[in-house]
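# Architecture at a glance
Here is how the chains run, residue by residue.
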Amino acid sequence: MADIPFSKSVSARLRDGVFVVVIDNPPVNALSADVRSGLMAALDHVASLDAATAIVLTGAGSTFIGGADIKEFGKPPVEPMLPEVIERIEAFGKPVVAAVNGAALGGGCEVALACHGRIVGEEASFGLPEVKLGIVPGAGGTQRLPRLIGLVAAIDLIGSGRAVKTGEAVALGLADGIATDPVGAAIALAHEFTGKPLRRTGVICVPPAEDPAAVSAAEAKVLAKSRGQSAPAEAIRLVKATGELDLRQGLAEERATFLRLRDSSESAALRHVFFAERAAGKVEGLDKASSRRIQTVAVVGTGLMGSGIAVAALSSGHSVIALEQSQEAAAGGKARIAQTLDKSLRSGRLTADGRDECLARLQTTAEAEDLVKADLVIEAVFDDLTVKTDLFRRLDGIVRADAILATNTSYLNPDAIAAATVDPSRVVGLHFFSPANVMRLVEVVDCAKTAPEVLASALAFVKGLGKLPVVCGVTEGFIGNTIFSAYRREAEFMLEDGALPQEIDAALEAYGFPMGIFAVNDMAGLEIAWARRKRQAATRDPAARYVEIADRLCEAGRLGHKSGRGWYAYPDGKRTIDPEVTAVIEAVRAAKNIASRSFTPAEIMSRLLKAMVDEGTALLADGVAARPGDIDVVMINGYGFPAHRGGPMFAAEQNKDQPHA
């Protein structure tokens, strides 16, 4: 029997008495209007088709249904709406079984929940990530999931937006079984259901009341990570309501909440971030450049940054050659990399076999000649121009002519480093953030002479690591550190003017930052910025305002958390306010005859945001950043700017008339 088309994206074929409905809407089988209408047409057809005893619903390719169609965001709704389709599936008179062949996310997960059974393929996953867009599931997710898996698990999944893979899905009761051929297994399950009362998720009673302490703990865990966002708290409220409301009431409350949040500033900000991240790695005209195959990656230097880069490359399937200055240092580097892989094993991000495979692809060496096999060399050595240029000159005579050379410098000029090579067109900047195996963000620096295919190759490599690349031009500090330096400078101005570190940090944390700027400086170590300030001293404009407070702390041996003292003191590792720091600040004020004044949290945030935006505007004018969204993405993913505020450039645009919002 030939396939029957029900829309451009939905077709079906009768197989063993079961109508197998396939959604084929690349790239992720999103629930477009065409898909929704096709599903309704298929249900209408099967309802009156005696030859079909059941329906199996699946997706083409490697995705089941990837969620809503982002092309429809912000446009007038088109019938049929998703809740209507889902209610039709759940109420259907014949068995409907989902053959979940890949990701079932957002509305895709809600479709699967409405089916009478769910068989998962080995690469399947379920997730309701709506809170990451500042909304809640809007087609029954908050009401059906708790009925299947209980309150505690539903609070975790919906409140955090995390996805679960096959094993956890079956253990939770979200799926009925795993099969290498999910469609075949789903057909068999549909036959089992035929003629029997159907398991309609919406009428299942919520599992018996769980331990209230466990429910409270799950709720507290989600809220602790939400940092002021509304959607996670609203999701928890809706999940808990399933024990008090029937399905109809619960769906009405869910839909009203979804619509209210959808129109909120928080959701607008998170949608902006979503689209900005999609645009960040795109460079006009670069689609015409072919990228080189990168299989073997060399990492020069195996300190914290270098070992993290090596782990990221190993974990994504690359072979890695790690170069150190001596055999002893190489052995130490291997041990650090192995420890990091072991940590991934303990956290569940790697299996034991996966860890062993990574180690089998790792070579540590003190012989630079071993790098001849590398397709890409990333240097992660001390951030000193002489050290890096000497290294690149040396590499020039060792690596293949088609190998790409990348510098991980944070502040130095990569054009100067590239100029030390015979062929600067093969040099690119790859500024990873520490720890490199964990942090998503990588600034991909398009140097003055970087060849298009080298830039394209670097972007493809970073994306292959599962990371978020943002392309930027050359300037000291690139996008992130340039803006960070500007807002740190403004924070230090406020110290001189009358604020205290703990007051500035409290304002930032209340705004949504996970940690204030002075606490961050302590964690990173104050000596790095101190060394940079000393390098710049000779060329600093004597008329420009300069705050010596951080220098005084460093001179006193207060280098941050690792020395037990920085902007704060750390007795027993716990951050505490230190009167000695206050005394240093007051002494500097007095020496400059600055009259101290108080600051409100709103004033503090207004000044810090203005510093970020002014610097961001200059980066855009100079062509270092291509889009305001690129700046927002960098500050969110690299510096803890709260995503639900949309980034500094977005926040400034939204708050033009409300400077203290």
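Read on for a plain summary of the structure. These numbers come from a predicted model, not from an experiment.

As a further point, take empty space enclosed by the protein. Scanning all chains against the criterion turns up 3 cavities of 30 Å³ or more. In this structure, the largest cavity spans a volume of roughly 60 Å³. As for the largest cavity, its lining consists of V21, L39, A42, L43, I55, L57, I89 and V96. When residues of the lining of the largest cavity are traced back to their parent elements, those giving at least two are α1 (33-47) and β4 (54-59). Ranked by residue count, the leading element in the lining of the largest cavity is α1, at 3 residues. Of the residues assigned to the lining of the largest cavity, the class counts are 8 nonpolar, no polar and no charged.

Here the focus is the side chain of T302. Note on placement: T302 falls in the loop between β12 (296-300) and α12 (304-315). For T302, a relative accessible area of 2% corresponds to the buried category. At a separation of 2.8 Å, a polar atom in the side chain of T302 contacts the side chain of E324. With residues near it in sequence (within four places) discarded, T302 still touches S307, A322, E324, A329, G333 and R336.

Attention shifts here to the sheet that holds strand β14 (residues 362-365). With mixed pairing, the 8 strands of this open sheet are ordered in space as β14-β13-β12-β15-β16-β17-β18-β19. With partners counted over all chains shown, the strands left at the sheet margins are β14 and β19 (468-472), one partner each. Each strand axis lies, on average, 25° off the axis of its neighbour in the sheet, ignoring direction. Two elements, strand β16 (residues 404-407) and strand β17 (residues 427-432), share 3 bridges in a ladder whose sense is parallel.

Let us look at the pairing of strand β13 (residues 319-323). Judged by how many residues are buried, β13 sits mostly within the fold: 4 of 5 residues are covered. Relative to β13, β12 is paired through 5 bridges, and the arrangement is parallel. Bridged to V297 within β13 is V320. In this view, the connection linking β12 to its parallel neighbour β13 by way of α12 has right-handed handedness. Examined bridge by bridge, β13 and β14 share 4 bridges and lie parallel to one another. In the sheet register, V320 faces β14, and the bridge partner there is L362.

Moving on, we get to the environment of A374. In this structure, A374 sits in the loop between β14 and β15 (376-379). Separated by 76 residues in the primary sequence, A374 and A298 have C-alpha atoms spaced 5.7 Å apart. Among all residues touching A374, those that are not within four sequence positions of it are T296, A298, R400 and A403.

This next bit is on α1. With 15 residues, α1 should cover 21 Å at 1.5 Å per step; its first-to-last C-alpha distance of 21 Å lies within 8% of that length. When we look at burial in α1, the residues that qualify are A33, V35, R36, G38, L39, M40, A42, L43 and V46. Those residues of α1 that are buried are in contact with β2 (10-15), β3 (18-23), β4 and α2 (82-91).

Turning our attention to the layout of surface pockets. Estimated volume of the second largest pocket: approximately 560 Å³. If you go around the second largest pocket, you meet 19 residues; those closest to its centre are S485, R489, R532, Q536 and R540. Secondary structure elements with two or more residues in the lining of the second largest pocket: α18 (480-497) and α21 (527-536). Per-element tally for the lining of the second largest pocket: the top contributor is α18, with 7 residues.

Before going further, it helps to spend a moment on the environment of T166. Structurally, the position occupied by T166 is in helix α6 (residues 166-172). Sequence-distant contacts of T166, that is, excluding residues within four places in its chain, are made with V120, G121, E122, E123, A124 and I178.

This paragraph deals with the pattern of salt bridges. If you walk through the whole model with that rule in mind, you get 42 salt bridges. Put simply, E490, E496, D497, R545, E548, K592 and R607 are held in one network by salt bridges that share partners.

Thresholds applied
Residues numbered from 1 in each chain as written. Predicted model: local features only at pLDDT ≥ 70, side-chain atom pairs only at ≥ 80, totals over all residues. Heavy atoms only, no water. 1 Å grid on protein atoms, 1.4 Å probe; cavity = no way out; pocket = protein on both sides within 12 Å on 5 of 7 lines; lining within 4 Å. Points joined across faces, edges and corners; volume = space filled by probe spheres on them. Helix = DSSP H or I, 4+ residues; strand = E, 2+ residues; numbered from the N terminus. Nonpolar A, V, L, I, M, F, W, Y, C, P; charged D, E, K, R; others polar. Buried < 20%, exposed > 50% of the residue type's maximum accessible area, 1.4 Å probe, protein only. Polar contact = N/O pair within 3.5 Å; in protein donor to acceptor, adjacent residues only side chain to side chain. Contact = heavy atoms within 4.5 Å. Pairing = 2+ DSSP bridges. Axes fitted to C-alpha atoms, helices over the stretch in contact; angles between N-to-C directions. Right-handed = clockwise from strand over helix to strand, strands pointing away. Expected span 1.5 Å × (residues − 1). Salt bridge = Lys/Arg side-chain N within 4 Å of Asp/Glu carboxyl O.

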